[in-house]
6 protein chains.
Amino acid sequence: MDLQLKPLSRFCYESIVRETLREDLGRGFDLTTDAIIPPTARCTARIISRAEGVLAGVEVANSVFSFLSSEITVSAENMDGASIGSGETISRIEGPAHAVLSGERTALNLLGHLSGVASLTQRFVEQVAETQAKVVCTRKTTPMLRVLEKYAVRCGGGMNHRFGLDDGVLIKENHIAVAGGISKALELARASVGHTVLIEVEVEELSQLEEAVTGGADAVLLDNMDSITLRRGVELVEGRVVTEASGGITLANVAEVAETGVDLISVGALTHSAPALDLSLLAEDLS
Amino acid sequence: MDLQLKPLSRFCYESIVRETLREDLGRGFDLTTDAIIPPTARCTARIISRAEGVLAGVEVANSVFSFLSSEITVSAENMDGASIGSGETISRIEGPAHAVLSGERTALNLLGHLSGVASLTQRFVEQVAETQAKVVCTRKTTPMLRVLEKYAVRCGGGMNHRFGLDDGVLIKENHIAVAGGISKALELARASVGHTVLIEVEVEELSQLEEAVTGGADAVLLDNMDSITLRRGVELVEGRVVTEASGGITLANVAEVAETGVDLISVGALTHSAPALDLSLLAEDLS
Amino acid sequence: MDLQLKPLSRFCYESIVRETLREDLGRGFDLTTDAIIPPTARCTARIISRAEGVLAGVEVANSVFSFLSSEITVSAENMDGASIGSGETISRIEGPAHAVLSGERTALNLLGHLSGVASLTQRFVEQVAETQAKVVCTRKTTPMLRVLEKYAVRCGGGMNHRFGLDDGVLIKENHIAVAGGISKALELARASVGHTVLIEVEVEELSQLEEAVTGGADAVLLDNMDSITLRRGVELVEGRVVTEASGGITLANVAEVAETGVDLISVGALTHSAPALDLSLLAEDLS
Amino acid sequence: MDLQLKPLSRFCYESIVRETLREDLGRGFDLTTDAIIPPTARCTARIISRAEGVLAGVEVANSVFSFLSSEITVSAENMDGASIGSGETISRIEGPAHAVLSGERTALNLLGHLSGVASLTQRFVEQVAETQAKVVCTRKTTPMLRVLEKYAVRCGGGMNHRFGLDDGVLIKENHIAVAGGISKALELARASVGHTVLIEVEVEELSQLEEAVTGGADAVLLDNMDSITLRRGVELVEGRVVTEASGGITLANVAEVAETGVDLISVGALTHSAPALDLSLLAEDLS
Amino acid sequence: MDLQLKPLSRFCYESIVRETLREDLGRGFDLTTDAIIPPTARCTARIISRAEGVLAGVEVANSVFSFLSSEITVSAENMDGASIGSGETISRIEGPAHAVLSGERTALNLLGHLSGVASLTQRFVEQVAETQAKVVCTRKTTPMLRVLEKYAVRCGGGMNHRFGLDDGVLIKENHIAVAGGISKALELARASVGHTVLIEVEVEELSQLEEAVTGGADAVLLDNMDSITLRRGVELVEGRVVTEASGGITLANVAEVAETGVDLISVGALTHSAPALDLSLLAEDLS
Amino acid sequence: MDLQLKPLSRFCYESIVRETLREDLGRGFDLTTDAIIPPTARCTARIISRAEGVLAGVEVANSVFSFLSSEITVSAENMDGASIGSGETISRIEGPAHAVLSGERTALNLLGHLSGVASLTQRFVEQVAETQAKVVCTRKTTPMLRVLEKYAVRCGGGMNHRFGLDDGVLIKENHIAVAGGISKALELARASVGHTVLIEVEVEELSQLEEAVTGGADAVLLDNMDSITLRRGVELVEGRVVTEASGGITLANVAEVAETGVDLISVGALTHSAPALDLSLLAEDLS
């Protein structure tokens, strides 16, 4: 699992970090720290976890402080993808107290949110560990955080579905209705997109499956089906295309779904309903 | 509660909606809809709720479609702050099918996230309805969504704490330590900020309370105290300043905390851990 | 061919048009027109072609004028994808003379550049019309104009390759060298990317082909091979994956390459070296 | 020629480079390199020319890599304005393999485009080398690249005309028509603009020339005239103002035009139709 | 004077108005108005002057309200360039009370600042009305407001000098020192810039004047000279180039300077030290 | 006074400096310096004051040069808040001559404007030094410079009022009229805003005062009252809330107003009408 976790480019998060910090600083200052802490004060601090979970966004969060001071050093003790226990240290910070105190909340909000996504993902992944199925995320993501949340899903051991409307075709009920059938929709899609674009079709009933597969779909999404139906669907597909189960998947039923033999199980809750991981910043030496 | 819910200015959400839509459209298009749905096709659709909750962000979500087409009309059947049951219609949409289908996910993600915050807030607010206590949010918000989440808290019947580091003073443990005591920290803060800025002090122990009140704090935050201690703190304050309880507040204990007589109860989970409200867009007529 | 030409969303070009106009207006004005043309003067004008070609960017160019005045109306007489002769009218414009004269150069630069790409593409496409081969563009595009140039390629009858480094895998010589072989590179790629991402491998010699195909590539790029080698490559692949020819393709040799049976022929010159289509704006009535 | 070539400020290209890189990285990553190349791999590479030409944009292109890594070093072996032969090295690059491979296409696209403009300019300049005439560019530039293309024209030995509508007055046919004559147009322009702004008038016939010169024009643009007419125009002007020939200038006729004695010859093709210079990046050591 | 006052394009001020409004709205709202004024309340109001002066920025200021509501109508009773007395109405506003009250301060700040510049300019212009001299502004402008302030100078009857470092050459003492003399500096400048760029030389002593004029300067700036010296300088120049007086010009001495016969008198105070025009918004009907 | 002057975060001014520099560089270059000064030339220079005043913006101005070159060093000899005499050195600069000469005007414009505000503020503050009254600024600020001007007011010894419409409530005449009285307006405001927001009421007559105080205002603004009325107002308030005098305050009458016993005196002129401090940059060694 760790094998496929690639570091995140600064291009993915630099402007998000700046924007999040700006949101907290408002017109550009920290009234309390400016009033009370001398500009020359220095601080040593640790970011620690207050609960068990999987980390995502350690470098993202650490980069907050460099926006506030070029003299600050932050070193990670645990990396993205690592499982962490309550009380463990994630990062150590040393530098001007102003930057540490003004950046604290922004760093924790970013790290807590992304680690929440990774942690929930990992719980789903654990449930299907004995099967071939992979847990994948959806486009049901938190506004403006999709790229980071998709990365957090990978940190938790999940895989990514398409990133947006422009990098993959997913033919749904409405598209099929307007096109006048699955074959016609597939034909239109294939004529329109380049060879680098994968085409997936959402099927509501097994009776649609053969038309999707023979019509040229690269993958089929079996929407809102129970385990028995899913299993029958997998059999019908006979490995000719990728199969994906979707709709109503919970921690309680994901294992049962995985055992039907589907290749992928997509779970919206990974990104739209994961509670934040509880974190703190402890200032250890401040003078 | 409705009395104090003011409509949100477009200044608060316009760029967020644009950014969220851009995130989904990536390089600017919807491959599937472009390939299959004729440019002239029109659509009538409804946004409906799949669960019980309180709405927040109806106008925000509805505005998504106007970014995609000037010909689309969206009308709200339920407004922000309204309680809604499963299956109820929130908005009706009519216009070019392209705009409806391409905007669907972005609109639902915005509305689902904000309504999730409002719904959780309202559950906390219900618990304290018999008391004088108000539920308030914190700065533990989702990156880049603070202004909208704070609005969603108001939709759920909660009140807002400060919006950032620049619009209120909250003196915490570290500030007190560096200043050399609560009185000194208060003195520094008062000399530095204008008369429009409120000063609140976080106290870890009741022994600090009198120094905070007499030192000129406008409010005291009683951090991580049990109900007995909180009640004692409220008595000591004797109504001279605003009292706020914070730390470890859950749906299970919030009523007990409220009964201690504190004025405010701040809950980070309202904004960092609220699950999204489950929503769907139903295309009713597409031709 | 027209069947698959989908209109371009304003999201793809709005900021490009604004930026291009701003580049010409500099600090925000047109010294000559401001000095000489009364604010109330009106103008009727036509955009006409001065050469034969294929149109791309008609709506893009027409939108320039709406940035300068809300009172201007522009109607297209010929659409993107249309072949046009010298002297033919493309668009008719009516409105304030200031907006027409200040927007003229920006509109013509956009339309001329994109139509240049479409026109060159169409000449390549004509050469391969008798074959199954499709002409595709590359990432060798003009800085900041990629999405529009890829659209112009479609207007000319070509197809698109991946849009960037993030929406498709293309394993090249350097990647293979570091990975330690094609199989290993394919394995790493497959483990890392989601099911919606296609994987293509660039092969320099036919001896690498079988490893690419059996290793799981979805497509192979046959780089810089002569026609005899290409034909042999196509035979070896036996239709198991998509084949693409690339490198040194010109109008003179593209037909020969197409006859080898490859599926795709990629041509960098479509986007990096297409001369602009010659256009003029004729003010017909100005008073 | 080199005497007047001044280095380009980062202010001119920094945001263009960032935008061009972002265009290629899309949502922020290079799928292939991320999947296959270890984060610690390093690379030595050279940018070389595959054809003869004149360089423009070496520093612009080299700066691409610094956006991707602060550890990369790039050194130019040939500078802007230098003539280069096929196979010659332009820059040497050393640093993290990720940054080299992910930045390659963006760097080559920028350098190839600008060097294409410089190379074509230089061919025009060579043709007029024996005369007093200077080759100048126009506002017929590639969208959003005007400042860089004008610089590339200087690299090729050409001179620049005005940069936009706001920094020079060029009175054309339509302006003259509305003003009611050249004298009136000149009078209006002179009354409106400051003393730092030069005024040029486009004349369609020699009969307009004297009115332009005596009316106060600083320069006259002789539009679409044959050599005999141009020569007569130059004689009529008698050196009182700058003379510029424009319209239908090609490599085949530019020398003849220059010999008429005009001061300036403006050529739109320099910037709107220059084919890119063919370049490659060779990774020499990658481990 | 009115003859040469051209309307300002929205391109010059749209982003300034948005930014100024955003600065006042901060996180996006008007706490007071939101709390007290019902969303449906409407308002009729007038912007009036509290002092005598010359208007500049009427349309700029009026556009503020359209950012806040599309239902508001604003009509100007007096235009830019008009002299206005205390108590006179400038604009009438009608629409939602929220937009009127929230936009009031931003509109008045813009109009008051620019009219302050126009009013001071007009006082200088009046002093030189009997002479040929023109009053011009400098680059000593208020940060980020240069284009608008230069427009305000025109509203007050002044003329503009160059807009920035990129649209005119002004050779100063330091440039001359490094170049090794005025002739050499002029030679370098002429070789470097295009024919559309004017070259002006700043001379500290009359002994430098002849070298500047014969070296090819288009204008000379006579820096910090008394009237007797200026008059002698004008005589020496004999009308061969434009003459400009600069340095230490006040309302008290500008007439004397103008009588020396210089063409231009540049005054930094027009833009860096003009007091704002006193204005009010009167809500006449609010319900 | 120095005690409460806190350094300004780069977040407050970085984009303002960049924008101001961009405004002067226009399309990105300094024609004169580019043409004449060799890229390798170096320069030592000083920024000096040409008049007496109080400094504000030294670091802001000095940062200009770092945008133009990473090799430049600037050291402040006098800090923000310091009183300075004519001829005194403020900063010393050493580095590439290009950066010094191209940045000169931008740096001086920023420092001159902000020091102008600080200097005028300090003159007001001096007048009230014998009293308890504090001089405060208003929202009548120069467009886009509010945060910096409010900082400059602090440099001059003044205090800040609210920063915008979103961080404080100021109930004015129109709000009271719509609400139906001061009590009702205060009630609405209190129900709407969080506990961190202070509420101030503007009263036009003393008869309104008691209603404001007992209705829960935190401060009252006594608008446009003479000294006798102000003194009576202060007596009526009896220290229960903060009192602020506003309207028609000048250097001539501010001392008299202060002696009435008001807590605060707000002066719009500090920020909308302060003349710039006269400054120069002297290049001392340029080679």
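The rules behind these values
- Residues numbered from 1 in each chain as written.
- Chains lettered and ligands numbered in written order.
- Predicted model: local features only at pLDDT ≥ 70, side-chain atom pairs only at ≥ 80, totals over all residues.
- Heavy atoms only, no water.
- Domains from an automatic or database assignment.
- Contact = heavy atoms within 4.5 Å.
- Buried area = accessible area lost by both parts, 1.4 Å probe.
- Salt bridge = Lys/Arg side-chain N within 4 Å of Asp/Glu carboxyl O.
- Polar contact = N/O pair within 3.5 Å; in protein donor to acceptor, adjacent residues only side chain to side chain.
- Helix = DSSP H or I, 4+ residues; strand = E, 2+ residues; numbered from the N terminus.
- Nonpolar A, V, L, I, M, F, W, Y, C, P; charged D, E, K, R; others polar.
- Least-squares fit on C-alpha atoms with pLDDT ≥ 70 in both.
- pLDDT = per-residue confidence, 0-100.

Engineer: Looking at this model, I keep getting lost on the domain arrangement of chain A. Mind explaining?
Structural biologist: Residues and elements named next belong to chain A. Domain annotation of chain A identifies domain 1 (10-125 + 274-284) and domain 2 (128-272). One C-alpha centre belongs to domain 1, the other to domain 2; they are set 35 Å apart. Listed by partner, the interface residues are 21 residues for domain 1 and 25 residues for domain 2. Each partner contributes to the roughly 1,800 Å² buried at the junction of domain 1 and domain 2, and carbon and sulfur atoms together form 74% of this total. For domain 1, the biggest contributors to the area lost against domain 2 are Thr121, Phe124 and Val125; these three give 37% of the whole. Between the two partners, domain 1 and domain 2, sit zero salt bridges. At the boundary of domain 1 with domain 2, the tally comes to five residue pairs in polar contact (both at pLDDT 80 or more). Taken together, the elements giving at least two residues each to the side of domain 1 that touches domain 2 come down to helix H1 (10-25) and helix H4 (97-127). Ranked by the residues each element gives to the side of domain 1 that touches domain 2, the list is headed by H4, at ten residues. Of the residues that constitute the side of domain 1 that touches domain 2, the class distribution is 14 nonpolar, five polar and two charged.

Engineer: Help me understand the interface of chain A and chain E, please; the structure alone is not making it clear to me.
Structural biologist: When the parts of a complex come together, some accessible area is lost, and that lost area is often used as the size of the interface. Residue-level contacts link five residues of chain A with five residues of chain E. Of the roughly 220 Å² buried at the junction of chain A and chain E (both faces included), carbon and sulfur atoms supply 22%. Its largest share of buried area at the contact with chain E, chain A owes to Glu23, Gly26 and Arg27 of chain A, together 93% of the area lost on that side. Connecting chain A to chain E are two residue pairs in polar contact (both at pLDDT 80 or more). Residue classes in the side of chain A that touches chain E are distributed as one nonpolar, one polar and three charged.

Engineer: Which parts of the structure should I look at to understand the relation of the copies chain A and chain E?
Structural biologist: Two copies of the chain are present, and they differ by a rotation about an axis and a shift along that axis. For these two chains of identical sequence, chain A goes onto chain E by a turn of 180° and a shift of 0.0 Å along the axis, with RMSD 0.0 Å. Seen this way, the second copy is the image of the first under a two-fold rotation axis. Rotation axis and chain A: the residue whose C-alpha lies nearest the axis is glycine 26 of chain A, separated from it by 3.7 Å. Comparing interface residues between copies, 100% of those in chain A also sit at the interface in chain E, which points to an isologous, same-surface contact.

Engineer: Can you help me understand the confidence of the model for chain A in this one?
Structural biologist: Interpreting fine coordinate detail is not advised for predicted regions of low pLDDT. In this model, chain A carries an average pLDDT of 96, and 99% of its residues clear a pLDDT of 70 or more. Two summary scores accompany this predicted model of the complex, namely pTM at 0.96 and ipTM at 0.97.

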